[in-house]
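# Examining the three-dimensional arrangement
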Amino acid sequence: VGAPLPRREGRHGRAAPDPGVRAGLNAPFRTSAADAVARCFRAEFGRAVAILARGLGGDVDRAEEAVQDAYAVALDRWPRDGVPSTPAAWILTTAKRRAIDRLRREAALREKQSQLARELEEAVRDLPGEDEEMIPDERLGLVFACCHPALAVEAQVPLTLRLVGGLTVPEIARALLLPEATVKQRLVRAKKKVRLSGIPVAEPPPDALEDRLGVVLAVLYLVFNEGYAATGGDALVRDDVAAEAIRLTRVVHGLLPNEPEPAGLLALMLLHHARRDARAGADGELVLLEAQDRSRWDRGMIDEALPLVDQALTLRRPPGSYALQAAIAAVHAQAPRAAATDWRQIVLLYDELGRVLPTPVVRLNRAVAVAMADGPAAGLALIDALADGGALDDYHLLHAARADLLRRQDRMAEAAAAYARALELATNAAERRFLARRLEECG
Amino acid sequence: MAATGAATTQEVGMRYLLLIYGDESRFAQMSEAETQADMGQWFEYDAAIKAAGASPGGEALQPTATATSVRDDNGDPLVTDGPFAETREQLAGYYMLDVENLDEAIKWAHRCPAAKGGTVELRPIQEFEQG
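Predicted model only: the values in this text are computed from it and were never measured.

## Looking at the overall build of chain B
Broken down by element type, chain B carries four helices and six strands. When the helices and strands of chain B are listed from N to C terminus, the series reads α-β-α-α-β-β-β-β-α-β. The buried share among the 131 residues of chain B stands at 33%. Nonlocal contacts in chain B, meaning residues at least 24 apart in sequence, comprise 78% of its contacts between residues at least 6 apart.

## Some words on unusual backbone geometry
Omega for the bond connecting Arg317 of chain A with Pro318 of chain A falls within 30 degrees of zero, at -10 degrees, which places this linkage in the cis form. Among the structural elements, Pro318 of chain A can be located in the loop between α13 (299-315) and α14 (321-334). Here the phi dihedral of Asp410 of chain A falls at roughly 65 degrees; this positive angle occurs in a residue that is not glycine. Relative to the helices and strands, Asp410 of chain A resides in the loop between α18 (396-408) and α19 (412-425). Of the residues examined, Asp410 of chain A reaches a relative accessible area of 63% and is grouped as exposed. Even without being a glycine, Asn74 of chain B presents a positive backbone phi close to 50 degrees.

## With respect to the pairing of strand β5 (residues 90-99) of chain B
Residue and element names in this part refer to chain B. Pairing geometry for strand β1 (residues 14-22) and β5, over nine bridges, is antiparallel. By the bridge assignment for β5, Leu19 is matched with Tyr94. For strand β2 (residues 57-60) and β5, the ladder comprises four bridges, and the chain directions are antiparallel. Bridged to Gly58 within β5 is Tyr95.

## Details of empty space enclosed by the protein
All names here are of chain A. Counting across every chain of the model gives three cavities of 30 Å³ or more. Forming the boundary of the second largest cavity are Glu44, Arg47, Ala48, Ile51, Ala88, Ile91, Leu92 and Ile135. Mapped onto the lining of the second largest cavity, the elements with two or more residues apiece are α2 (33-55) and α4 (87-107). Per element, the largest residue contribution to the lining of the second largest cavity is four residues, and it comes from α2. A per-class count over the lining of the second largest cavity returns six nonpolar, no polar and two charged.

## Structural notes on the sheet that holds strand β6 (residues 119-124) of chain B
Residue and element names in this part refer to chain B. Spatially, four strands are ordered β2-β5-β1-β6 in an open sheet, and the strand pairing comes out antiparallel. The sheet terminates laterally at β2 and β6, the two strands that pair on one side only. Each strand of the sheet is rotated relative to its neighbour by a mean of 15 degrees, with strand direction disregarded. For β1 and β6, the ladder comprises six bridges, and the chain directions are antiparallel. Within β6, the residue paired with Leu18 across the bridge is Leu122. The strands touched by helix α3 (residues 32-51) are β1, β2 and β5; relative to β5, the strand with the most contacts, the crossing angle is about 25 degrees.

## Brief notes about the packing of helix α7 (residues 153-164) of chain A against helix α9 (residues 180-196) of chain A
All names here are of chain A. The contact between α7 and α9 brings their axes to 9 Å, and the two run at 90 degrees. Here α9 runs roughly perpendicular to α7, going by the angle between their axes. Taken together, the residues of α9 that come into contact with α7 (itself represented by Glu154, Ala155, Pro158, Leu159 and Arg162) are Arg186, Leu187, Ala190, Lys191 and Val194. Of the residues contributing to the contact of α7 with α9, the split by class is six nonpolar, no polar and four charged.

## Comments concerning the packing of aromatic side chains
Residues and elements named next belong to chain A. In the structure shown here, the tally under the stated rule is eight aromatic pairs over all chains. Considering the side-chain rings of Phe41 and Tyr71, the 4.9 Å spacing of their centres and the 65 degrees angle between planes classify their relative orientation as edge-to-face. Here the residue Phe41 occupies a position in helix α2, and Tyr71 occupies one in helix α3 (residues 60-81), the gap between them amounting to 30 residues. Both residues of the pair, Phe41 and Tyr71, belong to the buried class. Ring plane angle 45 degrees and centroid distance 5.8 Å describe the contact between Phe41 and Trp78, whose orientation is recorded as tilted. A residue pair is termed long-range when its members are at least 10 positions apart, and Phe41 in helix α2 and Trp78 in helix α3 qualify at 37 residues. Just as Phe41 is buried, Trp78 falls in that class too. In this structure an aromatic cluster arises from ring pairing among Phe41, Tyr71, Trp78 and Trp90.

## Some thoughts on α4 of chain A
Under the 1.5 Å per step criterion, the end-to-end length of α4 of chain A is 29 Å for 21 residues, consistent within 8% with the ideal 30 Å. Residues Pro87, Ala88, Ala89, Trp90, Ile91, Leu92, Thr94, Ala95, Ala99, Ile100, Leu103 and Ala107 of chain A constitute the buried set of α4 of chain A.

Each value, and the rule that gives it
- Residues numbered from 1 in each chain as written.
- Chains lettered and ligands numbered in written order.
- Predicted model: local features only at pLDDT ≥ 70, side-chain atom pairs only at ≥ 80, totals over all residues.
- Heavy atoms only, no water.
- Helix = DSSP H or I, 4+ residues; strand = E, 2+ residues; numbered from the N terminus.
- Buried < 20%, exposed > 50% of the residue type's maximum accessible area, 1.4 Å probe, protein only.
- Contact = heavy atoms within 4.5 Å.
- Pairing = 2+ DSSP bridges.
- 1 Å grid on protein atoms, 1.4 Å probe; cavity = no way out; pocket = protein on both sides within 12 Å on 5 of 7 lines; lining within 4 Å.
- Points joined across faces, edges and corners; volume = space filled by probe spheres on them.
- Nonpolar A, V, L, I, M, F, W, Y, C, P; charged D, E, K, R; others polar.
- Axes fitted to C-alpha atoms, helices over the stretch in contact; angles between N-to-C directions.
- Parallel < 35°, antiparallel > 145°, perpendicular 65-115°, else oblique.
- Phe/Tyr/Trp six-rings, centres within 6.5 Å; stacked < 30°, edge-to-face > 60°.
- Expected span 1.5 Å × (residues − 1).

Shown next as structure tokens:
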């Protein structure tokens, strides 16, 4: 399969398939038919798997197999016969038939499968044939199953990308910088655990929703960061991974529109992703936020994110950590120039974030904001206090931030030592080049 | 075999063995009053899990000092004193669970008095087809 991931995040309806896909098929010069089939399937994959998994008593493995079967049929037929007018219904019907066929074949050997075939037929009998609006969206249950805390995070991430996101094994391997065999093995183990350990393909009960949703959002944010700050791979793949994380977060937000944290996380991702073109210079060098060409920020994405930030901040008091991080990103997004940034507001938001998420990294970021609001000496005092605690001694950004504040106070020898320590610890190539350049300037 | 077994059993429910692990030396050091309070919690849990129809039963085990391990040695039983493995936490008891799914099993595991200070492990029962 191995079709390329979508390049740009479309800003269409929340969970709806990209309407451009269908238009694209009739325009052979814009995209190949196989590409269109692949994109349509990715958009509809999770929805079909979720419905079939329920019909199959939680057997996500069989459900995935059936949708994959339907994909093979579509690859064969659609380029020849054209895309059906209702692709989602076509996929579901075809996958359902394939699942029942497979079970019947096995039923020749085992009565049990035939029972299962009857159960599935029963479960999907009343599904609409043509009207796509009527197809139920059960992906939320699938998302919660894929991100069940009984699964290790190494399993949650590829399983979510595969079953909900519809990415292929090679695509997941590329996204996570893992060998394909490793991804395949993790998926096999994870699907087996879902099935055999009785992980329900269902929304958690209300009293568990917040905790379980936290796991789902952590998985999505991990996928996003994989794309945003990957240490290797080419830039296009990394952008695609981030766009994929945004697409899945959009699905979760669309399914739980009144929960604040999915809105907050979606806004946070959009605000970060809006800066993607400005983050790298012409030579691929890392460009810090303060030096970025703000005209290259994606205004459409920022405009979409800002109302989501308001929504996330007001749906629940006190706001959650994603809402607050999005609010901080929004302050940056709204500053016309770096010098016009409202750093006092950012310090206040970090104060609040520190109460929800009392981690050393949040304290470090707050210290940097204080340096911007009250001058480098005030920030440096906070960073030194943090460094004395020792928790971030191996974190290159602590030493980079320290070095920067020393440099701003003309303490070049101390700055050089801190840059050298940061360089020792940094692994990302672009960051290393940046730190090496700064170190040279201190000499 | 197990594949389709699990798929259909999920609709009628799942069976788990809830394994209770704890540090034996801690129990040994408990005062009379502490032991009383601990037992009270267990009786309460036992009553609740049975009233909910979530368990057909469970038992507490004597400490590992009473364990005997047996292996076959060329047709003869090779009998040794003590448990199969020395661990920080020891198997102290179990419940059978008969519940809808893993989420419900986790709920009972979390309510189990051993979850505080000890560890509760859930293992799905491997269902075999009959005939």
